[in-house]
Amino acid sequence: VTPAGPILVVEDDQAILSSIADTLAFEGYAVVTADHGATALDVVKRQPIALILLDMKMPVMDGWAFARAYQSEPIRHAPIVVLTAARDAARWAAEIEATAYLAKPFELDALLALVGRYAMSARD
Amino acid sequence: MSASRGAPLEVLLVEDSSADAALVVRALREGGFDPGVRRVETAEQMRAALDERVWDVVIADFTLPHFSGPAALAVLHQRATDLPFIVVSGAIGEDAAVAMMKAGAHDYLLKDRLARLAPAVRRELQEAAVRERDRRAQEEKERLLAREQKARAEAEAAIRVRDDFLIVAAHELKTPITSLLASTQLLCRQLDREARSEPDPYRHRLQIIEEQARRLARLVSQLLDVSRVQSGKLALELHEVDLASLVTAAVAGVQASTGWKQMVVHAPSPVLACVDRLRIEQVVINLMDNAVKFSPGGGEIEVDVSVPEAGLIRLAVRDHGIGIPPDKRERIFDRFHQAHANDHRSGLGLGLHISHEIVALHGGQIAAEFPPEGGTRFVVVLPAGMAAASPEEEVAT
């Protein structure tokens, strides 16, 4: 199964970013990373993306601002999965009209199940 | 006239006639006072006298050439003092007398009835003393109330600071736990992929790290929950949920993570209720974890879901473990209480407290029962609450 492009991981914590990116790469997904919303916005303008895993609280440009800017871009939009340590995960995900959310800390199995589900649905 | 001196009385006398003043002084002496009198005839003199010292009583004529009883009363009121004010005058007519009393004069006497003066002064002094005592008592009450309110506000602010800190600290702790758990699980996957046939020396260590990272995550969640409970920020997200399948899945999860063999679930499906799925799952997992933790000798753990009467749902978790000592039973749902203090199995003493609060937020009750044959049975009774139910949203977590 080939998604319509790499999975974009947007996360300011380097340890979390690398463990997610390495896991996805190990499972055979193409991955691009961004350490905040502004760099993520550069990435989505350059290439099609299959799925976005999005942290919410980040410096420079947070998840809310990124989602607003991304949704106003005249491009095909990938599903967004919110990854956050906050108990407000569900509310925040609803605020930016994300497809799903996952609370940190998460089980890798749960993350991969979500990625499998939404990266494929973004294929065409 | 009595030879012994009467009670000292400082009189501010508003009076233009020295003859009338002498009559007033005599009446007071005859009535048992030893009056010291200052006579004033104008507003300026009266203000100066009031500023100069403390007086016991003001006695005022009604009509003076450059002043009057009503004007003297107004001057007194401007000073915001509560001195007895007695009008002594010739006939002024009933209307004027009533007006003076209404304006705040304490008594009104005719000059030809001065025998009444001393008793009137005595009575007014007593009443002024009573008023003064009441005023002081009221002031004291207000002072104590203000002090109590200040102390309470300070305590509440300190608690808010603590709870806010706990929320921030717990959130900060989650970040390293997230990468710790994810990295460990990635390593496990990588080892699995290599699928080496010989016993893996790293596998066991990795499992310990993984399990301890999960344990850290649970402890951090408990800290967050308890501070939310304390600050009233624990909000429920209510949806229609099948408690039978929720309990069955939760038990399967605990069984998988603990390797406990003897777990039995009795749950006639479906048992619909309007609850916060994650929170009720948390309660069930907490009760199951406790049952496992405090059953060192093994034994069966039974979980029952039933509908004792329409609109009520009962969840029971029964173990055959070490139970709870009778002297600890009363406080098991208290915050930070550990029924088995100094036991390595005890956690932060928050699990049952948080479970209790979650159940209470649902309008339900949680209780512990101690069957004579040993062990513990925790019973949760929840209102089905279906009137307020909405179908559960599909959320992936």
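You'll find the structure just up there.
Let me sum up the structure you'll find in this document. (Residues numbered from 1 in each chain as written. Chains lettered and ligands numbered in written order. Predicted model: local features only at pLDDT ≥ 70, side-chain atom pairs only at ≥ 80, totals over all residues. Heavy atoms only, no water.)

**Notes on the overall build of chain B**
Then step 1. Tallying secondary structure elements over chain B gives nine helices and twelve strands in all.
Then step 2. When the 397 residues of chain B are sorted by exposure, 37% land in the buried category.
Then step 3. A fraction of 69% describes how many contacts in chain B between residues 6 or more apart in sequence connect residues 24 or more apart.
Then step 4. With the model as given, the accessible surface of chain B reaches about 21,500 Å², and the carbon-plus-sulfur share is 54%. (Helix = DSSP H or I, 4+ residues; strand = E, 2+ residues; numbered from the N terminus. Buried < 20%, exposed > 50% of the residue type's maximum accessible area, 1.4 Å probe, protein only. Contact = heavy atoms within 4.5 Å. Areas by Shrake-Rupley, 256 points an atom, 1.4 Å probe, with all protein chains shown as cover.)

**Points about the packing of aromatic side chains**
Then step 1. Counted under the stated rule, the structure contains three aromatic pairs over all chains.
Then step 2. Measuring from centroid to centroid gives 4.8 Å for Trp64 of chain A and Trp92 of chain A, while their planes differ by 70°, and the two rings are edge-to-face. Note that Trp64 of chain A is positioned in helix α3 (residues 63-72) and Trp92 of chain A in helix α4 (residues 89-95), a separation of 28 residues in sequence.
Then step 3. Note on Trp92 of chain A: relative accessible area 7%, which makes it buried.
Then step 4. Ring centres 6.2 Å apart and planes at 80° place the aromatic pair Phe333 of chain B and Phe378 of chain B in the edge-to-face group. Within this pair, whereas Phe333 of chain B is found in the loop between β10 (312-319) and α9 (351-361), its partner Phe378 of chain B is found in strand β12 (residues 376-383), the two being separated by 45 residues in sequence. (Phe/Tyr/Trp six-rings, centres within 6.5 Å; stacked < 30°, edge-to-face > 60°.)

**Some remarks on the pattern of salt bridges**
All names here are of chain B.
Then step 1. Considering all chains together, one arrives at 34 salt bridges over all chains under this definition.
Then step 2. Its salt-bridge partner being Glu124, residue Arg123 comes within 3.1 Å of it at the nearest N-O pair.
Then step 3. Taking relative accessible area as the criterion, Glu124 reaches 3% and is therefore assigned buried.
Then step 4. We note a salt bridge from Arg214 to Glu210, for which the minimum N-O separation is 2.9 Å. In this pair, Arg214 and Glu210 both sit in helix α6 (residues 201-230), four residues apart, roughly one turn of the helix.
Then step 5. For Arg214, a relative accessible area of 23% translates into the label partly exposed. (Salt bridge = Lys/Arg side-chain N within 4 Å of Asp/Glu carboxyl O.)

**Side note on the sheet that holds strand β5 (residues 107-110) of chain B**
For sheets, the rule is that strands pair by backbone hydrogen bonds, running either parallel or antiparallel.
Residue and element names in this part refer to chain B.
Then step 1. Strand order in this open sheet of five strands is β2-β1-β3-β4-β5, and the pairing throughout is parallel. Each of the sheet's edge strands pairs with one partner strand only, and the pair in question is β2 (33-40) and β5. Ignoring which end each strand starts from, the neighbouring axes of this sheet average 25° apart.
Then step 2. Where strand β4 (residues 85-89) meets β5, four bridges bridge the pair, whose relative direction is parallel. Counted as the bridge partner of Ser89 is Leu110 from β5.
Then step 3. In the packing of helix α1 (residues 18-30) onto the sheet, the strands contacted are β1 (7-14), β2 and β3 (57-60), and the crossing angle to β2 comes to about 160°. (Pairing = 2+ DSSP bridges. Axes fitted to C-alpha atoms, helices over the stretch in contact; angles between N-to-C directions.)

**Observations concerning unusual backbone geometry**
Residues and elements named next belong to chain A.
Then step 1. In this chain, Lys104 is followed by Pro105 through a cis amide linkage whose omega measures -5°.
Then step 2. Mapped onto the secondary structure, Pro105 falls in the loop between β5 (100-103) and α5 (108-121).
Then step 3. Backbone geometry at Val60 places phi at a positive 65°, although glycine is not the residue there.
Then step 4. The class for Val60 is exposed, based on a relative accessible area of 69%.
Then step 5. In the Ramachandran plot, Glu97 falls in the positive-phi region, its phi being about 55° despite a non-glycine side chain.
Then step 6. Note that Glu97 resides in the loop between α4 and β5.
Then step 7. Judged by its relative accessible area of 68%, Glu97 is exposed.

**Observations concerning the packing of helix α1 (residues 14-26) of chain A against helix α5 (residues 117-194) of chain B**
Then step 1. Running from N to C, α1 of chain A and α5 of chain B cross one another at 25°; their axes reach a closest spacing of 8 Å. Taken together, the axes of α1 of chain A and α5 of chain B are roughly parallel relative to one another. The hand of the α1 of chain A/α5 of chain B crossing is left-handed. Here Ala15, Ile16, Ser19, Asp22, Thr23 and Phe26 of chain A of α1 of chain A lie close against α5 of chain B, whose contacting residues are Thr175, Thr178, Ser179, Ala182, Ser183, Leu186, Arg189, Gln190 and Arg193 of chain B.
Then step 2. Grouping the amino acids of the contact of α1 of chain A with α5 of chain B by side-chain chemistry returns five nonpolar, seven polar and three charged. (Parallel < 35°, antiparallel > 145°, perpendicular 65-115°, else oblique. Left-handed = near helix turned anticlockwise from the far one by under 90°. Nonpolar A, V, L, I, M, F, W, Y, C, P; charged D, E, K, R; others polar.)

**Things to note about the interface of chain B and chain A**
Then step 1. Between chain B and chain A, the residue contacts involve 27 residues of the former and 25 residues of the latter.
Then step 2. Carbon and sulfur atoms supply 58% of the area that chain B and chain A bury against each other, a total of about 2,300 Å² over both sides.
Then step 3. Viewed at the interface, chain A and chain B are joined by four salt bridges.
Then step 4. Arg193 of chain B serves as the salt-bridge partner of Glu27 of chain A, at 3.4 Å between the closest nitrogen and oxygen.
Then step 5. At the surface where chain B touches chain A, the tally comes to seven residue pairs in polar contact (both at pLDDT 80 or more).
Then step 6. Of all the secondary structure elements, the ones that give two or more residues to the side of chain B that touches chain A are α5, α6 and α8 (277-293) of chain B.
Then step 7. A class-by-class count of the residues in the side of chain B that touches chain A yields nine nonpolar, eight polar and ten charged. (Buried area = accessible area lost by both parts, 1.4 Å probe. Polar contact = N/O pair within 3.5 Å; in protein donor to acceptor, adjacent residues only side chain to side chain.)

**Digging into the pairing of strand β4 (residues 80-84) of chain A**
Residue and element names in this part refer to chain A.
Then step 1. Of all five residues making up β4, five are buried, and the element is well covered by its neighbours.
Then step 2. Burial along β4 is two-sided: the residues Ile80, Val82 and Thr84 and Val81 and Leu83 are all buried.
Then step 3. Here strand β3 (residues 51-55) runs beside β4; their pairing, made up of four bridges, is parallel. Looking across to β4, one finds that Leu53 is bridged to Val81.
Then step 4. Between the parallel elements β3 and β4, the chain passes through α3 in a crossover that is right-handed.
Then step 5. With four bridges connecting them, β4 and β5 associate as parallel partners. Looking at the pairing, Leu83 lines up with Leu102 of β5.
Then step 6. The parallel pair β4 and β5, bridged by α4, forms a crossover whose chirality is right-handed. (Right-handed = clockwise from strand over helix to strand, strands pointing away.)

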